[in-house]
Amino acid sequence: MIVRWGLGELPSVLDELGARSPLLVAGPRWDALELPIEPHARWAEVPSHRIDDAAEQARDGDAIVAVGGGSAIDLGKAVSAATELPLVSVPTTYAGAEWTTYYGVRDPERKMRGGGSGAHSAGIVYEVALTLDLPREPTVGTSMNALAHCAEALYVHGHNPEADEHALAGARLISDWLPRVVEQPGDADARTELLRGACHGGAALGGSMLALGHAMAQAVGGRYGLPHGTLNGICLPAALRFNGRHAPEALRRFGEAVGGDPVARVEELARLGGATRLRDLGVPEEDIPELATAAAQRAGNQANPQPAKPAEIEQLLRSVW
């Protein structure tokens, strides 16, 4: 993966990939953004389930550049998988989607319509200036997603020393700098450190993958079109409680990185964004058994130190409802 800092590095990243004419994937929010490249076309419906239509546009060029949060980057990954063209991501949140080849496909109403893998994720360009106007809720929510990447990387089946280093570095940076960004959202230095934490979290994710907390968040978010990061902030404490008896050493290390009891510290950070319960987001209590069954079947749960049974996940979801 080519990783650069500063939007001015985008042309050189494309040069390294031998690309001259990318498709730009960016929602209307970025209409006024001046990029140092000339895309041959732009796809502005973000999110979108019209992958074939976007791929048809992309094939007129030689790469894809996705600017935005997880929805834009996942869309870029879906198009990359369909066309086998290289993808360069310019993330504007802290979600970490830029580090994996996996993606979810949502429609414009944000309902999950499918997903897959096989994206040719080739480059990342981080630009702190693009995060300065990010509102509080998505700032905290996507940061909690990044923090969940750090936590779960330490105990998922695919955990390894290199990913562990990224996970611990990311957890330290996110726990230190997220409160400062919430207090002073226009502080570029604080945003830079938070983005570095998210970068480490993404690298940990790319090197190890997901576990129970993400499985729960994905099952809920995919059904109702709810913010994935906010759901990770709600679901991660419950998953950590469950994994306390299955991966105690990993939780100890995570707790040291975030500076306190791992569950309490995650709950404290999640409160900075507002919603801390599933009912705050309108999730119907009567749907919990069905959501638990769906979460149990997800790959993240299967990669947990001890996969949780549907009845166990139901209890966890009720504990955060």
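It should be noted that the structure appears before, not after, this text.
Described in the following lines is the structure provided in the data block. Predicted model, so just to flag it, every value in this text is computed and none were measured.

Here we take up the pairing of strand S8 (residues 120-126). Extensive coverage of S8 is indicated by the burial of 5 of its 7 residues. In this structure, strand S1 (residues 2-5) lies alongside S8, joined through 4 bridges in parallel fashion. Residue pairing across strands places Val3 opposite Ile124, the latter belonging to S8.

The subject of this paragraph is the sheet that holds S1. In space, the 6 strands of this open sheet follow the order S1-S8-S5-S4-S2-S3, with parallel pairing throughout. At either end of the open sheet lies a strand with only one pairing partner, and these are S1 and strand S3 (41-43). Put simply, the sheet's adjacent strands are angled 20 degrees from each other on average, direction ignored. Relative to strand S4 (residues 63-68), strand S2 (residues 22-26) runs parallel, the two sharing 5 bridges. Note on S4: the bridge partner recorded for Leu24 is Val65. Seen against the sheet, helix H2 (residues 51-58) touches S2, S3 and S4 and runs at an angle of roughly 165 degrees to S3. Against the sheet, helix H3 (residues 70-83) makes contact with S2, S3, S4, strand S5 (86-91) and S8, and its axis sits at roughly 170 degrees relative to S4, the strand it touches most.

The next point concerns helix H6 (residues 188-208). Spanning 21 residues, H6 covers 30 Å between terminal C-alpha atoms, matching the ideal 30 Å at 1.5 Å per step. In this structure Asp187 caps H6, since a side-chain oxygen of it lies 3.0 Å from the backbone nitrogen of Asp189. Downstream of H6 by one or two residues, Met209 has phi in the positive range, about 90 degrees.

Scanning the entire structure with this criterion turns up 1 aromatic pair. The ring of Trp177 carries the charged tip of Arg180 above its face, separated from the ring centre by 4.2 Å.

The sheet contact formed by strand S6 (residues 103-106) and strand S7 (residues 112-116) spans 4 bridges and is antiparallel. Bridged to Gly104 within S7 is Gly115. Taking the residues between adjacent antiparallel strands as the criterion, S6 and S7 are bridged by 5 residues, where Arg110 takes a positive phi near 75 degrees.

Looking now at empty space enclosed by the protein. A water-sized probe rolled over the atoms picks out the places where empty space is left. Under the definition given, this model contains 1 cavity of 30 Å³ or more. Approximately 60 Å³ is the volume found for the largest cavity. Residue lining of the largest cavity: Glu137, Val140, Gly141, Met144, Gly229, Thr230, Gly233, Ala270, Gly273, Gly274 and Ala275, and that is the complete set. The set of elements that each furnish at least two residues to the lining of the largest cavity consists of helix H4 (136-153) and helix H8 (228-243). Among the elements that take part in the lining of the largest cavity, H4 stands out by supplying 4 residues, more than any other. The residue inventory of the lining of the largest cavity, partitioned by class, reads 4 nonpolar, 6 polar and 1 charged.

All right, on to the environment of Pro161 then. Within the secondary structure layout, Pro161 lies in helix H5 (residues 161-183). Exposure remark for Pro161: the relative accessible area of 64% places this residue in the exposed category. In this structure the C-alpha to C-alpha distance between Pro161 and His246, which are 85 residues apart in sequence, comes to 19 Å.

Reading the values: the criteria
Residues numbered from 1 in each chain as written. Predicted model: local features only at pLDDT ≥ 70, side-chain atom pairs only at ≥ 80, totals over all residues. Heavy atoms only, no water. Buried < 20%, exposed > 50% of the residue type's maximum accessible area, 1.4 Å probe, protein only. Helix = DSSP H or I, 4+ residues; strand = E, 2+ residues; numbered from the N terminus. Pairing = 2+ DSSP bridges. Axes fitted to C-alpha atoms, helices over the stretch in contact; angles between N-to-C directions. Contact = heavy atoms within 4.5 Å. Expected span 1.5 Å × (residues − 1). Polar contact = N/O pair within 3.5 Å; in protein donor to acceptor, adjacent residues only side chain to side chain. Phe/Tyr/Trp six-rings, centres within 6.5 Å; stacked < 30°, edge-to-face > 60°. Lys NZ or Arg CZ within 6 Å of the ring centre and 35° of its normal. 1 Å grid on protein atoms, 1.4 Å probe; cavity = no way out; pocket = protein on both sides within 12 Å on 5 of 7 lines; lining within 4 Å. Points joined across faces, edges and corners; volume = space filled by probe spheres on them. Nonpolar A, V, L, I, M, F, W, Y, C, P; charged D, E, K, R; others polar.

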